[in-house]
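What follows is the residue order along each chain.
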Amino acid sequence: MAGNHTSIEMTLEDYNNIEISKRTSAIVYLSVVMILGIPGNLLVIIVYFGSLRRRDGTHWMYIRALAITDLLVCTVAIPFELFQQTHQLTFYSGLGCQIFRAVSVHLSLTSSLLLIAMSGNRLRLVCQPLKKQLTPNQGLVTILISVGIAVLFCWPEAALSGISKETLDNNLTGYDCSFSDR
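Residues numbered from 1 in each chain as written. Predicted model: local features only at pLDDT ≥ 70, side-chain atom pairs only at ≥ 80, totals over all residues. Heavy atoms only, no water.

Draft legend 1. Broad picture of the packing of aromatic side chains. Within this structure, the stated rule accounts for five aromatic pairs. The interplanar angle of 15° and the centroid separation of 5.1 Å between the aromatic rings of Phe80 and Phe100 together place this pair among those described as stacked. Pair noted here: Phe80 is in helix H3 (residues 58-86) and Phe100 is in helix H4 (residues 94-127), with a separation of 20 residues, a long-range link. Of the residues examined, Phe80 reaches a relative accessible area of 6% and is grouped as buried. For the ring pair Tyr92 and Tyr175, a centre distance of 5.3 Å and an interplane angle of 50° mean the geometry is tilted. A residue pair is termed long-range when its members are at least 10 positions apart, and Tyr92 in the loop between H3 and H4 and Tyr175 in strand S2 (residues 172-179) qualify at 83 residues. (Phe/Tyr/Trp six-rings, centres within 6.5 Å; stacked < 30°, edge-to-face > 60°. Helix = DSSP H or I, 4+ residues; strand = E, 2+ residues; numbered from the N terminus. Buried < 20%, exposed > 50% of the residue type's maximum accessible area, 1.4 Å probe, protein only.)

Encoded structure:
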């Protein structure tokens, strides 16, 4: 009876399903954020772009830019992240990995920088109300600078991202979208 060992042959899909089960909470969280974020940001875009009382103040420009950026996060970055989470060991496209990771970083960083610029504008309005405030053109420049800074900081992600080979049991190799092996 000592030689009666049966080894379980696991496939790459089996290993991938184990990884998915470890990431279930992240997948659920991202799904909820996406499901709530798409209509929420669309509503903000409709209200702030379609207002009968057209306002072109700097604050409105920041809100519009933030809503567009966050809508792109919900429609581009989060679906990619969900795909990556469900294909942890079966992600085969190196170019797709590089592009989407860079876009994800760019959109997230742009969103964060816009919040910082918006907060700075609000701080100036509250703490120095009698001093000259940002004009809409200056607001647009700060938005463009935020996008530019995000580009500067996201290109290394594109350069370093790619397919990483994971050696598994049963002589299997998994392909993960993370830092490239090269």
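Draft legend 2. Up close: the pattern of salt bridges. Within this structure, the stated rule accounts for three salt bridges. With its nearest N and O atoms 2.6 Å apart, the salt bridge here joins Arg23 to Glu19. Residue classification places Glu19 among the buried positions, given a relative accessible area of 18%. Notably, a salt bridge pairs Glu157 with Arg101, separated by 2.8 Å at the nearest N-O pair. Here the residue Glu157 occupies a position in helix H5 (residues 136-160), and Arg101 occupies one in helix H4, the gap between them amounting to 56 residues. No difference in accessibility class separates Glu157 from Arg101, as the two residues are buried. Bridged by salt links that share partners, the residues Glu19, Lys22 and Arg23 form one connected network. (Salt bridge = Lys/Arg side-chain N within 4 Å of Asp/Glu carboxyl O.)

Draft legend 3. The packing of helix H2 (residues 24-49) against H3, seen in detail. Two elements in contact, H2 and H3, have axes whose closest approach is 9 Å; the angle formed by their N-to-C orientations is 155°. Here H2 lies roughly antiparallel to H3, going by the angle between them. Judged by the twist between their axes, the crossing of H2 over H3 is left-handed. For the contact of H2 with H3, the residue count by class is 19 nonpolar, six polar and three charged. (Axes fitted to C-alpha atoms, helices over the stretch in contact; angles between N-to-C directions. Parallel < 35°, antiparallel > 145°, perpendicular 65-115°, else oblique. Left-handed = near helix turned anticlockwise from the far one by under 90°. Nonpolar A, V, L, I, M, F, W, Y, C, P; charged D, E, K, R; others polar.)

Draft legend 4. Focus on the state of the cysteines. Evaluated as defined, the whole model comprises one disulfide. Disulfide pairing is shown between Cys97 and Cys177; the S-S distance is 2.0 Å. When the S-S torsion is 90°, as for the bridge of Cys97 with Cys177, the disulfide is right-handed. With Cys97 in helix H4 and Cys177 in strand S2, the pair connects residues that are 80 residues apart, well separated along the chain. Across this residue pair, the class does not change: Cys97 and Cys177 are buried. The thiol sulfur of Cys74 is not disulfide-bonded, and the nearest other cysteine sulfur, from Cys154, lies at 19 Å. Exposure remark for Cys74: the relative accessible area of 5% places this residue in the buried category. (Disulfide = S-S within 2.5 Å.)

Draft legend 5. Highlighting helix H1 (residues 12-22). Within H1, burial applies to Leu12, Tyr15, Asn16 and Glu19. All buried residues of H1 project into a common sector of 100° when viewed along the axis, lining one side. In the core, the buried residues of H1 are packed alongside H3, strand S1 (161-168) and S2. (Arc of directions from axis to C-beta. Contact = heavy atoms within 4.5 Å.)

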